[in-house]
Amino acid sequence: MKILLSWSSGKDSAWALHLLNQQYPGGVAALLTTINEAYDRVAMHGVRASLLQAQADAAGLSLWRVPIPNQCTNEKYEASMRDACARAVAEGFTHVAFGDLFLEDIRRYRVERLEGTGLTPLFPVWQIPTPDLARTMIASGLRARLAVVDTRVLDASFAGRDFDASLLADLPPTVDPCGENGEFHTCVYAGPMFRNPIEVEVGEIVRREPFVFRDIKPCLTPAALFV
């Protein structure tokens, strides 16, 4: 078994990695992430590519970047993913894993697109109750910050906050504790899936209605300051 993990930079894919490491030690061989080529950031989450690379390094895994245009059509996205799947098969991968929790249409879409590719889908966190999952993540030592907030359902002040017990207590009852309906997206900087924590700092706020993005930046080490 050789697993390629779809990596969003957020807590759900990070927790999927943690569970896969427990179930199939050594099975995960690479992380796959779509990158907005115009901004050099993770698509949807807006996380810097430099922080994404720091996550892969902390996990001890290679990173596969799939560049997509800023205004990416579904056809272009699917073509890029087909190329990634073909590469995976050529390099001996047998499975692709996802951090989906309970959205049936998303899971069905992934299963259908993988048919005939030679890759089997895995959903290690599927249907874990999200209130329990959120508390388990936090208790395990997973640390993340909210990188994106949908202001239609959550106040902009949540952007940049730590994903912790205090945040869970402050979430409106209509918001899923893991943000599975797109209420927020996170960026992980520590946890049992990493060999070491990543030092991060919170930067500026960018508004692209209805979303608010909070820049989560990796802190420069003294050596990096002179590179």
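The text that follows walks through the structure, step by step, so that each part is easy to find. (Residues numbered from 1 in each chain as written. Predicted model: local features only at pLDDT ≥ 70, side-chain atom pairs only at ≥ 80, totals over all residues. Heavy atoms only, no water.)

## Remarks on the pattern of salt bridges
- Taken as a whole and assessed by the stated rule, the structure comprises 11 salt bridges.
- Asp215 is the partner of Arg48 in a salt bridge, and the nearest nitrogen-oxygen pair spans 2.7 Å. Note that Arg48 is positioned in the loop between strand S3 (41–42) and helix H2 (49–59) and Asp215 in strand S10 (residues 211–218), a separation of 167 residues in sequence.
- A salt bridge links Arg87 to Glu91, with the nearest nitrogen and oxygen atoms 3.0 Å apart.
- The exposure class assigned to Glu91 is partly exposed, which follows from its relative accessible area of 39%. (Salt bridge = Lys/Arg side-chain N within 4 Å of Asp/Glu carboxyl O. Helix = DSSP H or I, 4+ residues; strand = E, 2+ residues; numbered from the N terminus. Buried < 20%, exposed > 50% of the residue type's maximum accessible area, 1.4 Å probe, protein only.)

## What about empty space enclosed by the protein?
- Per the stated rule, a full pass over the model turns up one cavity of 30 Å³ or more.
- Within this model, the largest cavity holds a volume of roughly 30 Å³.
- What lines the largest cavity is Arg41, His45, Gly46, Val47, Arg48, Ala147, Arg214, Asp215 and Ile216.
- Of the residues belonging to the lining of the largest cavity, the class tally is three nonpolar, two polar and four charged. (1 Å grid on protein atoms, 1.4 Å probe; cavity = no way out; pocket = protein on both sides within 12 Å on 5 of 7 lines; lining within 4 Å. Points joined across faces, edges and corners; volume = space filled by probe spheres on them. Nonpolar A, V, L, I, M, F, W, Y, C, P; charged D, E, K, R; others polar.)

## Quick look at the sheet that holds strand S7 (residues 143–150)
- The sheet built from four strands is open, its strands ordered S8-S7-S10-S9 with antiparallel pairing. Each having just a single partner strand, strand S8 (184–190) and strand S9 (200–208) make up the two edges of the open sheet. Between one strand and the next, the sheet's axes are offset by a mean angle of 25°, whatever the strand orientation.
- The pairing of S7 with S10 spans three bridges and is antiparallel. Looking across to S10, one finds that Asp150 is bridged to Phe211. (Pairing = 2+ DSSP bridges. Axes fitted to C-alpha atoms, helices over the stretch in contact; angles between N-to-C directions.)

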